[in-house]
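Notes for the structure review
Chain by chain, the residues run as shown.
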Amino acid sequence: MSVDVETRTVIERPIDVVYTFASDPTNAPDWYANIARVDWKTEPPARVGSIVAFEARFLGRTLRNDGDPAGFSRFVTPMMSMAMRRANRKDLVKLKEVLESM
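All figures in this text were calculated on a predicted structure; none of them were measured in a lab. (Residues numbered from 1 in each chain as written. Predicted model: local features only at pLDDT ≥ 70, side-chain atom pairs only at ≥ 80, totals over all residues. Heavy atoms only, no water.)

Focus on the confidence of the model for the protein chain
Applied cut-off: The quantity known as pLDDT measures the predictor's confidence residue by residue, on a range of 0 to 100. The helix count covers DSSP runs of H or I at least four residues long, the strand count covers runs of E at least two residues long, and both are numbered beginning at the N terminus. The contact criterion used is simple: two residues touch if any of their non-hydrogen atoms lie within 4.5 Å.
Here the protein chain shows a mean pLDDT of 79. Residues at 70 or above account for 76%. Of all secondary-structure elements in the protein chain, the lowest mean pLDDT belongs to helix α3 (residues 81-100), at 79, while helix α1 (residues 15-22) reaches the highest, 91. For the stretch residues 71-79, pLDDT sits under 50, and the model shows 16 contacts to residues farther than four places along the chain or on other chains.

Quick look at the pattern of salt bridges
To keep it simple, the criterion reads: Salt bridges, as used here, are contacts in which a Lys or Arg side-chain nitrogen is within 4 Å of a carboxyl oxygen on Asp or Glu. Note on exposure labels: buried denotes an accessible area under 20% of the residue type's maximum, exposed denotes more than 50%, and partly exposed covers the range between, all computed with a 1.4 Å probe on protein chains only.
Taken as a whole and assessed by the stated rule, the structure comprises four salt bridges. For the salt bridge of Arg 37 with Asp 39, the shortest nitrogen-to-oxygen distance reads 3.1 Å. On the accessibility criterion, Arg 37 (45% relative accessible area) is partly exposed. With relative accessibility at 27%, the residue Asp 39 sits in the partly exposed group. Across the salt bridge formed by Glu 100 and Lys 96, the nearest N and O atoms sit 3.1 Å from each other. Linking Glu 100 with Lys 96, this pair stays in helix α3, spanning four residues, or about one helical turn. With a relative accessible area of 33%, Glu 100 lands in the partly exposed category. A relative accessible area of 24% places Lys 96 in the partly exposed class.

A closer look at the pairing of strand β3 (residues 61-65)
Threshold: Pairing between two strands requires that DSSP report at least two bridges joining them.
In terms of strand pairing, strand β2 (residues 52-58) meets β3 through five bridges, oriented antiparallel. Note on β3: the bridge partner recorded for Ala 56 is Leu 63. Connecting the antiparallel pair β2 and β3 is a turn made up of two residues, with Leu 59 showing a positive phi of about 55 degrees.

Structural data, given as structure tokens:
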């Protein structure tokens, strides 16, 4: 069973600035509340074939992804979707705050 969580916000910055910042995994701990650590398994910058491992804290647990693209999805259950939606909203608020203060 899959879980589809969607949240949105408007960031008052040019789309290329938002894309460049949000698509760089190195920046994830700056705006993504649950991401505690990012480890590059290949050389940055991000490009097709790049592998990045994440360590996250979610619902009191530490989750580690070794770079497997399906890494965190195996931890997601339908009961977690509301918690994920709340976390996503907070992350988008933080991303907006970071980018609009640049």
